[in-house]
Amino acid sequence: MINIPKGTKDVLPAESYKWHYIENVVRSVAQEFCISEIRTPTFEHTELFLRGVGETTDIVNKEMYTFEDKGNRSITLKPEGTAGVARAFVENSLYANAQPTKMYYITPVFRYERPQAGRLREHHQFGIEYFGAESPYADVEVMLVAKTIFDRLGIGKLVLNINSIGCGECRKKYNQALKDYFATRLDKMCPTCRERFDKNPLRILDCKEDTCKKIAENAPSTLDYLCDDCQSHHNIICEQLDKLGVEFVVNPRVVRGLDYYTRTVFEFVSDNIGAQGTVCGGGRYNNLVEEVGGKPCPAVGFGMGLERLLLTLESLNLTQGEADKVDVYIAPLCDEAKKMTLPLAMSLRKVGKKVESDLLDRSFKAQLKFANKLNAQYLILLGEEEMSAKKCNIKNMQTGESELVDFDKTLEYFATKN
RNA sequence: GUGGGUAUAGCGUAGUUGGUUAGCGCGCAAGAUUGUGAUUCUUGAGAUCAUGGGUUCGAAUCCCAUUACCCACCCCA
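Residues numbered from 1 in each chain as written. Chains lettered and ligands numbered in written order. Predicted model: local features only at pLDDT ≥ 70, side-chain atom pairs only at ≥ 80, totals over all residues. Heavy atoms only, no water.

**Focus on the overall build of chain A**
- When helices and strands are tallied, chain A shows 15 helices and 16 strands.
- Computed over C-alpha atoms, the radius of gyration of chain A comes to 28 Å, more than 25% over the 22 Å expected from 2.2 N^0.38 for 418 residues, which places it beyond the range of a compact globule.
- Each principal axis of the C-alpha distribution contributes one length, and for chain A these read about 95 × 50 × 45 Å.
- Relative to its 418 residues, chain A shows a buried fraction of 48%.
- A distance of 3 Å separates the average location of the 55 positive side-chain charges in chain A from that of its 59 negative side-chain charges. (Helix = DSSP H or I, 4+ residues; strand = E, 2+ residues; numbered from the N terminus. Rg over C-alpha atoms; globule rule 2.2 N^0.38 Å. Buried < 20%, exposed > 50% of the residue type's maximum accessible area, 1.4 Å probe, protein only. Lys, Arg positive; Asp, Glu negative; His and termini not counted. Charge placed at Lys NZ, Arg CZ, Asp CG, Glu CD.)

**Description of the nonpolar core**
- Phe126, Phe150, Phe302 and Met304 are the most contacted members of the largest nonpolar core, which has 45 residues in total.
- Sorting elements by how many residues they give to this core places helix α5 (residues 136-153) first, with 10 residues.
- Discounting chain neighbours no more than four positions away, the residues touching phenylalanine 126 are Val26, Ala30, Tyr104, Tyr105, Ile106, Ile149, Phe302, Gly303, Met304 and Leu306.
- Membership of the second largest hydrophobic core comes to 28 residues, among which are Phe89, Val254, Tyr285 and Val289. (Core = buried A, V, L, I, M, F, W, Y, C linked by side-chain atoms within 4.5 Å. Contact = heavy atoms within 4.5 Å.)

**Observations concerning the packing of helix α1 (residues 16-32) against α5**
- α5 packs onto α1 with a crossing angle of 135° between their chain directions and a minimal axis gap of 10 Å. In terms of orientation, α1 and α5 fall into the oblique class. Once α1 is placed against α5, the crossing between them reads as right-handed. Residues Tyr21, Val25, Val26, Val29 and Glu32 of α1 touch α5, and the partners they reach there are Val145, Thr148, Ile149, Arg152 and Leu153. (Axes fitted to C-alpha atoms, helices over the stretch in contact; angles between N-to-C directions. Parallel < 35°, antiparallel > 145°, perpendicular 65-115°, else oblique. Left-handed = near helix turned anticlockwise from the far one by under 90°.)

**Brief notes about the confidence of the model for chain A**
- The predicted model of chain A has a mean per-residue pLDDT of 92, with 100% of residues at 70 or higher.
- Reported confidences for the modelled complex are a pTM of 0.92 and an ipTM of 0.88. (pLDDT = per-residue confidence, 0-100.)

**So, the side chain of histidine 233**
- By the element assignment, histidine 233 lies in helix α9 (residues 228-244).
- Setting aside residues no more than four positions away along its own chain, histidine 233 makes contact with Glu134, Ser135, Pro136, Asp139, Arg263, Thr264 and Arg284.

**Overview of the packing of aromatic side chains**
- Applying the stated criterion across every chain yields a total of 16 aromatic pairs.
- Ring geometry for tyrosine 329 against phenylalanine 370: centres 5.7 Å apart, planes inclined by 80°, an arrangement best described as edge-to-face. In this pair, tyrosine 329 is assigned in strand β12 (residues 328-332) and phenylalanine 370 in helix α13 (residues 364-373), connecting sequence segments 41 residues apart.
- By the ring-pair criterion, three or more aromatic residues cluster together here, those being Phe89, Tyr95 and Phe131.
- Looking at arginine 185, its charged tip hangs above the ring of tyrosine 181, at a distance of 3.9 Å from the centre. (Phe/Tyr/Trp six-rings, centres within 6.5 Å; stacked < 30°, edge-to-face > 60°. Lys NZ or Arg CZ within 6 Å of the ring centre and 35° of its normal.)

**Quick look at the sheet that holds strand β2 (residues 43-45)**
- An order of β2-β4-β3 is seen for the three strands of this open sheet, with the pairing classed as antiparallel. At either end of the open sheet lies a strand with only one pairing partner, and these are β2 and β3 (66-68). Across this sheet, the average inter-strand angle for adjacent strands is 35°, counted without regard to direction.
- Pairing geometry for β2 and strand β4 (residues 74-77), over three bridges, is antiparallel. In the sheet register, glutamate 44 faces β4, and the bridge partner there is threonine 76. (Pairing = 2+ DSSP bridges.)

Below, the structure is given as structure tokens:
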């Protein structure tokens, strides 16, 4: 048997309605915020992610699905959604339109990681990107989109963590301060943190090792090193969130793993779907567009993990909708009836009914059982008696009652049934 | 890449200190006087006990290796 690749999942027919539900909510919220959909390719030139996501990140270093195509081009399956959208923004000159450009996407993303609860090698993200807006109110609106989705789905429990990691200038100063602080305590810290010290000292802040945690507690906070502009940007966001009644915590330990973030970073975290609790993560990335080859253009956005969102919904018993239903099941009992089954089914479908009919030559009894299993509302029985009388024997599966209806009155009959 | 756990029909599971025919529930299929389903009853199909090796008179059970899955680290959505 050939089985499914590690870290991937089938969405089976009995489950797909949950995805439709989530996708519908997410799309309609996007519409309310006047955000239009963009679809970009599943794979891009590897270079886009090297430049966009950042060469020092784990995603680029060890998690990308990269291969050479038959024309010797280095191609990579998208490991996140933003870089491709930024590329499309530049390549299609969307910056020439009146700004901001507000876009959303639903896409599979691929990362070669060890799977665990809430983490797959292929997962799906809903994301939004706002280009051309420098204002802190844009950051807030982006957070509001996520918040609105959670509210719409009935999830009140997600905690919004926000932080600011400053612009390039503040970051430089802050990195130095961090290094100064950790340098004297490096010998007491875990090996990975010692590595991080050189590569990306910011990351030490969310180490889970107890001793590192303790040391990090007293480390300088990014917020103490913000320049005036970054500070007031951050302040306005906090004030506005307060004013909107959106609960949040300023958490200096929120540090995103992608190089492109500047100033605002935030995440919505769930505490009951396992260790991988970040359902939505995002922030501002004012340097990305330039990095990808465009003129400098400010931007904010987020990515939302749909599998994690679904896990959260399921953990709270909030999945809505139901598996597909059948309105009418047609059960032919003789050859004559079989010949008119598909035509009858087609004319019922044309008036909007969900119609199923026998494709297995089941026995009479088996047909009823099957119709019952399908949860069919009505069953049309066509035996020799019905054929010679030119009538459909229509049975209401709920009440068990049946009545005879002329062939040419059948559509009218069902037209009255909701 | 590093740890820990698990592996018995389609699914969920029982299986004693190793003992002969691996049990149960759900699901699937057929039937209960031939054209009326959901309950009930009867019957049936379906398992190389993850794979390979070892110990033993005898292994689902003990040992070793492999693989797969789960969980956690790392990292992220």
